[in-house]
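Spelled out from the first residue to the last, the chains are:
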Amino acid sequence: MTFDPAFVRGSLLVTAAACVFACMSALIRLGSEELHPFQLAFFRNLFGLLIVLPWLHKSGMASLRTERRGLYFLRAVIGTGTMLGFFWTLSVLPLASAVALSFTAPLFVTIGAALFLGEPVGPRRWSATFVGFVGTLIILRPGSELLSAPALVALAA
C-alpha cells in the first residue's frame, strides 16, 4: 500500500495544529491566573502578527486587498469576539468543559449551512447533529444549574 505524500503531510500538519491548540488552551488557563484573558488574547495576536509580518513584507499589502471590506470587517469583529469569549471561558470554566463546548462549532455550522446557504443536509447528518446537541446538554448539566453564563459564552464563541 502506498501513501500519497501530500496526504501524509496534511495529516501531520493537522495533528501538529491540534497539539498546538491544546497547548495554547492549557497555557491560556495557566496564564489567566496572573493576567486577564483579554491581555492573553492581545499577546497571542501580537505574536501572531510577528509571525505574519515577514510574509506581509514579502507579498505586500496588495495580498490583503478585498472587494468586500464590510464583510471583511464583520469577519474580523466576529473573530475577535469569538477569541475573547473563548479565552474568558478558559479562565472561568474547567478546561475540559470549555474545550468540549468549543467542539460544538460543527453543529452550529451544519445548521447555519442549511439555513443560510441552502446546503442539503440529509437525515444522517441531522441525526448526528441532534446527538451532538444531546451531548452538549450532558456537558452543560453536571451540576444543579442548567446553563451558566460562562457555558453560554463558550457556546456563543
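These figures come from a predicted structure and were not determined experimentally.

Here we look at the side chain of threonine 136
Okay, so step 1: With respect to the helices and strands, threonine 136 occurs in helix 6 (residues 123-140).
Okay, so step 2: With residues near it in sequence (within four places) discarded, threonine 136 still touches Leu101, Thr104, Leu107 and Leu155.

Quick look at the packing of aromatic side chains
Okay, so step 1: Evaluation of the coordinates by the stated rule reveals two aromatic pairs.
Okay, so step 2: Here the aromatic rings of phenylalanine 42 and phenylalanine 43 are separated by 5.3 Å at their centres, their planes lie at 70 degrees, and the arrangement is edge-to-face.
Okay, so step 3: Overall, the relative accessible area of 37% leaves phenylalanine 43 in the partly exposed class.

Quick word on the nonpolar core
Okay, so step 1: Ile28, Phe87, Leu90, Leu93, Leu101 and Leu140 are the most contacted members of the largest nonpolar core, which has 14 residues in total.
Okay, so step 2: Sorting the residues of this core by element identifies helix 2 (37-59), helix 3 (69-92), helix 4 (95-102) and helix 7 (149-156) as the ones contributing at least two each.
Okay, so step 3: Per-element accounting of this core gives the leading share, four residues, to helix 3.
Okay, so step 4: In this structure, leucine 101 is in contact with Leu93, Thr136, Ile139, Leu140, Ala151, Ala154 and Leu155, ignoring residues within four places of it in sequence.

Digging into a nonpolar patch on the surface
Okay, so step 1: A contiguous nonpolar surface patch, about 720 Å² in accessible area, is contributed by Leu35, Phe42, Phe43, Leu46, Phe47, Leu49, Leu50 and Leu53.
Okay, so step 2: With respect to the secondary-structure elements, leucine 35 resides in the loop between helix 1 (5-31) and helix 2.
Okay, so step 3: Look at leucine 35 and you get partly exposed, because its relative accessible area is 34%.

Some details on the packing of helix 1 against helix 3
Okay, so step 1: Look at helix 1 against helix 3: their axes get within 8 Å of each other, and the N-to-C directions meet at 65 degrees. Every pair of crossing elements has a handedness; the one defined by helix 1 and helix 3 is right-handed. Along the contact surface, helix 1 presents Ser25, Ile28 and Arg29, while helix 3 presents Phe86, Phe87, Leu90, Ser91 and Val92.
Okay, so step 2: Among the residues forming the contact of helix 1 with helix 3, the class breakdown is five nonpolar, two polar and one charged.

About the criteria used
Along each chain, residues carry numbers from 1 onward, in the same order as the chain's sequence is written. Side-chain atom pairs in this predicted model are given and counted only at pLDDT of 80 or more, local residue features only at pLDDT of at least 70, and totals for whole chains, interfaces and linings cover all residues. Side-chain measures here rest on the full set of heavy atoms in the structure, leaving out hydrogens and waters. Note on conventions: DSSP H or I runs of at least 4 residues are helices, E runs of at least 2 residues are strands, and numbering of each starts at the N terminus. Working rule for contacts: check all heavy atoms of both residues, and any pair within 4.5 Å makes them a contact. Aromatic rings from Phe, Tyr and Trp, with only the six-membered ring used for Trp, were paired whenever their centres fell within 6.5 Å, and each pair was classed as stacked if the ring planes differed by under 30 degrees, edge-to-face if by over 60, and tilted otherwise. Per-residue accessibility, obtained with a 1.4 Å probe over protein chains only, is compared with the maximum for each type, and a residue is labelled buried under 20%, exposed over 50%, and partly exposed between these values. In this description, a nonpolar core means a group of buried Ala, Val, Leu, Ile, Met, Phe, Trp, Tyr and Cys residues linked to one another through side-chain atoms lying within 4.5 Å. Note that patches include only residues with greater than 30% relative accessible area and no salt bridge, and the join distances are 9 Å for like charges and 5 Å for nonpolar side chains (Val, Leu, Ile, Met, Phe, Trp, Tyr). Throughout, the Shrake-Rupley method with a 1.4 Å probe supplies accessible areas, and for residues the shown protein chains are the sole cover considered. Take a side-chain nitrogen of Lys or Arg and a carboxyl oxygen of Asp or Glu: if they are within 4 Å of each other, that pair is a salt bridge. What counts as an axis is a line fitted to C-alpha atoms, over the stretch in contact for a helix, and the angles between N-to-C directions run from 0 to 180 degrees. In a left-handed crossing the near helix is turned counterclockwise from the far helix by less than a right angle, and in a right-handed crossing that turn is clockwise. Lys, Arg, Asp and Glu make up the charged group, whereas Ala, Val, Leu, Ile, Met, Phe, Trp, Tyr, Cys and Pro make up the nonpolar group; the residues left over, Gly among them, are polar.

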